[in-house]
Amino acid sequence: MRQGAMEVESYDEMLQRVKDKKEGAFIPFIVAGDPDFETSLEIVKTYVENGADALEIGFAFSDPVADGPTVQAADIRALNAEMTTEKGFKFISKIREFTSIPIGLLVYYNLIYKMGIDRFYQIAKEMGVNAILAADLPPEEAQDAVAASEKYGVQQIFMVAQTTSNERLTKISQICSGFLYVVAVMGVTGARKDLKLSTVELVERVKSHSNLPIVVGFGISKPEHVQNVINSGSDGAIVASAILNLITENLQDKKMMLDKISAFCHDLKAATQK
Amino acid sequence: MITNGKFGKYGGIFVPELLIPALEELEAAFLKYKDDKKFNEELDYYLKEFAGRPTALYYAKNLSEKLGCKIYLKREDMLHTGAHKINNTLGQGLLAKYMGKKRIIAETGAGQHGIATAVVGSLLGIPVEVYMGLEDVERQKLNVFRMELSGANVLPVENGSRTLKDAINDAFRDWVASVDTTHYLIGSTMGPHPYPTMVKHFQSVIGRETREEILQKEGKLPDTVIACVGGGSNSMGIFSGFMDDKEVELIGVEGGGDGVDTDRTGATLCKGTEGILHGSFSFVLQNYDGQIAEAHSVSAGLDYPGVGPEHAYLKVTGRAKYDAVTNKEALEAFEMLSKYEGIIPALESSHAVAYAVKYANIPENKGKTIVINLSGRGDKDMFLAAREMGVKV
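This one's a predicted model, so the numbers in the text were calculated from it and none came from an experiment.

Attention now moves to the overall build of chain B. Scanning chain B from terminus to terminus reveals 15 helices and 14 strands. Taken against the 2.2 N^0.38 rule, which gives 21 Å for 393 residues, the C-alpha radius of gyration of chain B at 19 Å falls within 12% of a compact globule. Each principal axis of the C-alpha atoms in chain B carries an extent, and together these give about 55 × 45 × 40 Å. Of all 393 residues assigned to chain B, the portion counted as buried reaches 65%. Counted over contacts in chain B with a minimum sequence separation of 6, partners at least 24 positions apart contribute 72%. Mean positive and mean negative side-chain charge positions of chain B (44 and 52 charges, respectively) differ by 4 Å.

All chains considered together, the criterion is met by 40 salt bridges over all chains. As a salt-bridge pair, D170 of chain B and R173 of chain B come within 2.6 Å of each other at their nearest N and O atoms. In this pair, D170 of chain B and R173 of chain B both sit in helix 8 (residues 164–178), three residues apart, roughly one turn of the helix. Shared partners join several salt bridges into a network, and the residues in it are E9, R17, E23, D53 and K269 of chain A.

Turning our attention to the nonpolar core. With 194 residues, the main nonpolar core has I57 and I132 of chain A together with F239 of chain B as its most contacted residues. Of all hydrophobic cores here, the second largest spans 27 residues; its members include L63, V253, A333 and A354 of chain B.

What follows covers the sheet that holds strand 14 (residues 369–374) of chain B. Neighbouring strands of a sheet are bound in pairs by backbone hydrogen bonds; such pairs are parallel or else antiparallel. Residue and element names in this part refer to chain B. The mixed open sheet is built from six strands, whose spatial order is 3-4-14-9-10-13. Among the strands making up the open sheet, the edge pair consists of strand 3 (57–59) and strand 13 (320–325). The mean angle between the axes of side-by-side strands here comes to 25°, regardless of whether they run parallel or antiparallel. Where strand 9 (residues 224–229) and strand 14 come together, three bridges link them in parallel fashion. Paired with T224 across the two strands is I370, which belongs to strand 14.

This part is about helix 8 (residues 166–175) of chain A. Residues and elements named next belong to chain A. Among all positions in helix 8, only R168, L169, I172 and S173 are buried. Considered in projection along helix 8, the buried side chains sweep an arc of 130° and stay on one side of the axis. Counted as exposed and oriented over 90 degrees from the buried face of helix 8: E167, K171 and Q174.

All right, on to the sheet that holds strand 2 (residues 55–58) of chain A then. Residue and element names in this part refer to chain A. An order of 5-4-3-2-1-9-8-7-6 is seen for the nine strands of this open sheet, with the pairing classed as parallel. Edge strands, defined here as strands with exactly one partner in the open sheet, are strand 5 (155–156) and strand 6 (158–160). Sheet topology note: the strand 1 (residues 25–31)/strand 9 (residues 236–239) ladder contains four bridges and is parallel. Looking at the pairing, P28 lines up with V239 of strand 9. Helix 6 (residues 117–127) rests against strand 3 (103–107), strand 4 (131–134) and strand 5 of the sheet, and its axis sits at about 140° to strand 4. Contacts from helix 11 (residues 241–249) reach strand 1 and strand 9 within the one sheet, and its direction differs from that of strand 1 by about 45°.

Turning to the interface of chain B and chain A, a few remarks are in order. Each partner contributes residues to the interface: chain B has 34 residues there, and chain A has 37 residues. Together, the buried faces of chain B and chain A total about 2900 Å²; carbon and sulfur atoms form 53% of this surface. By the criterion of area lost to chain A, the three top residues of chain B are E17, L18 and R173 of chain B, representing 24% of everything that side buries. Our count for the chain B to chain A interface comes out at four salt bridges. When the shortest N-O distance is used, the salt bridge between R168 of chain A and E24 of chain B registers 3.9 Å. Counting residues per element, the ones that place at least two in the side of chain B that touches chain A are helix 1 (20–33), helix 8 and strand 11 (273–277) of chain B. Considering each element in turn, the side of chain B that touches chain A owes the most residues, six residues, to helix 8 of chain B. Taken together, the residues of the side of chain B that touches chain A break down into 16 nonpolar, 11 polar and seven charged.

Chain-level pLDDT for chain B is 96 on average; 100% of the residues reach the 70-or-more range. For this predicted complex, the interface confidence reaches an ipTM of 0.94, while the overall pTM sits at 0.96.

The rules behind these values
- Residues numbered from 1 in each chain as written.
- Chains lettered and ligands numbered in written order.
- Predicted model: local features only at pLDDT ≥ 70, side-chain atom pairs only at ≥ 80, totals over all residues.
- Heavy atoms only, no water.
- Helix = DSSP H or I, 4+ residues; strand = E, 2+ residues; numbered from the N terminus.
- Rg over C-alpha atoms; globule rule 2.2 N^0.38 Å.
- Buried < 20%, exposed > 50% of the residue type's maximum accessible area, 1.4 Å probe, protein only.
- Contact = heavy atoms within 4.5 Å.
- Lys, Arg positive; Asp, Glu negative; His and termini not counted.
- Charge placed at Lys NZ, Arg CZ, Asp CG, Glu CD.
- Salt bridge = Lys/Arg side-chain N within 4 Å of Asp/Glu carboxyl O.
- Core = buried A, V, L, I, M, F, W, Y, C linked by side-chain atoms within 4.5 Å.
- Pairing = 2+ DSSP bridges.
- Axes fitted to C-alpha atoms, helices over the stretch in contact; angles between N-to-C directions.
- Arc of directions from axis to C-beta.
- Buried area = accessible area lost by both parts, 1.4 Å probe.
- Nonpolar A, V, L, I, M, F, W, Y, C, P; charged D, E, K, R; others polar.
- pLDDT = per-residue confidence, 0-100.

Here is the structure:
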């Protein structure tokens with residue numbers, strides 16, 4: 001099959017599909033090429049086989065200020081395994097050989113800028129990327145990215161957080177497409193023991209100011225967290241650091257790593273039942 | 001944001017959404033207090049009584065005679081804690097107090113900005129925590145001790161390259177989680193808006209004084225102003241006094257490391273390309289993909305792969321010129337100024353001195369009046385300089 005030729009499911013289609021089953025969307029994250037290209041691809045296969053409804057793929061960056069130590073360590077592993085932007089896109093095209101579920105890219109803006117904004121979005125589209133979120137690109141700086149996203153039909157995702165005012169929320173939902181990425185905690189990415197009540201309040205507040213689907217990320221580490229955010233009205237949950245910890249802890253034993261990820265994803269997906 | 005914080009196309013607010021309200025709050029407070037009478041009276045009081053302003057513009061007679069130019073040194077090295085950094089930490093520290101912040105965090109490379117923040121924390125009664133790369137903590141134990149003596153808590157950073165840029169990353173991460181109570185006191189004219197504008201404002205006292213002093217001593221403006229550029233705050237401070245005087249040549253000197261043509265360099269404006277790092281669009285040292293490179297300079301203050309966005313603007317518009325000197329040239333200038341003038345400059349400032357020497361040796365520059373911003377003193381560099389010179393201390 002030609003790269004990107006597979007019919008790609010949209011976020012709207014996917015969200016409808018899970019809604020029909022009275023579920024929320026389970027969206028696991030990985031840094032492309034962590035811990036190496038082949039293993040990383042096997043991990044993504046494991047995600048898909050164990051109930052992933054969409055994928056969030058990060059491109060490693062040397063200075064990931066929005067991320068905690070777990071994701072940074074994953075970035076460093078991927079960069080040490082000589083991942084590049086070009087190989088990142090190759091990684092996406094390899095994923096597209098076995099699944100059509102939505103793929104969101106999570107990057108830092110310098111990677112987009114350096115390649116050339118237009119070219120980055122064009123290649124992303126060709127490789128089968130549904131949406132792009134740049135962690136350090138607020139709406140104030142996003143005119144060029146939004147223009148490229150519209151030109152190539154790649155959705156532009158933005159984050160909203162507890163600190164985001166209602167006025168800002170309305171503004172952001174006007175230029176955001178696909179879904180709103182709701183940051184569950186005050187802080188960077190990373191696994192956490194508790195997910196505060198304030199997350200539930202935030203989800204409700206976002207819902208009342210935007211018609212876009214919403215997906216909650218940052219700090220979601222256990223099946224019960226997934227259940228909480230889905231019950232609070234979120235359309236989906238992104239799980240990152242808690243899964244990446246399983247990579248970190250099992251670098252010496254690939255089979256164990258994949259087994260543990262497989263079981264964990266299975267439980268996380270089961271928790272999306274409404 | 002009330003203003004967009006752009007210098008031409010450079011600058012901006014490239015930060016995670018979580019930080020936007022904090023930057024909005026900071027910008028509003030800065031715009032409110034920068035012209036506030038009470039705030040400025042208090043700041044002026046501390047600048048004078050605590051930091052030791054105004055600093056002299058010293059005519060370096062021996063060096064002038066040797067070089068055949070009129071060389072003036074702006075003596076920021078005479079300030080409390082040993083460098084210009086205190087101008088900014090007093091300004092931002094006071095702003096944090098007016099904003100009701102209960103905690104200040106800062107990043108530091110060699111420790112100078114950390115110390116200048118720590119003492120202001122003591123002065124104003126606000127607890128300070130300083131992020132410092134583990135490698136720098138080990139290299140600069142004395143400065144860690146100085147910070148701790150002043151009541152600050154030093155947090156070693158074990159991520160990434162364990163140097164300044166990683167300390168900045170961790171300070172941002174802390175701030176993302178603590179914006180309600182905490183002020184992040186950035187030490188240079190870098191980072192997202194409003195920092196480049198705000199730090200320049202608090203450092204512009206250097207330029208204002210220098211302009212008055214040179215007019216008093218020479219009855220005219222200088223031909224040339226030379227300052228070193230890491231993040232760019234001392235240079236932006238002194239340049240700001242002459243920005244509209246087009247006849248005054250402004251020269252920024254970067255840390256060339258082993259040489260701009262080598263991989264071991266900190267010359268971001270000379271060698272870097274446009275990119276986004278630590279919240280603003282400027283020049284950065286980076287690879288083909290946009291991964292940020294590690295900088296190198298013998299001087300920790302110039303050892304940074306980014307540079308303040310206004311410097312990028314001054315470079316592309318041609319208002320200022322940027323060049324680099326090597327570690328070796330800087331060390332020679334360090335010895336030279338110590339020997340001829342009895343003034344031991346910081347290794348950062350030694351870069352400006354080294355460039356001035358090269359500049360003065362060009363025949364067409366003979367007789368010119370040159371101001372060098374002597375941004376800091378060399379006490380902190382004694383061990384390193386001795387080692388580089390092969391002297392056992």
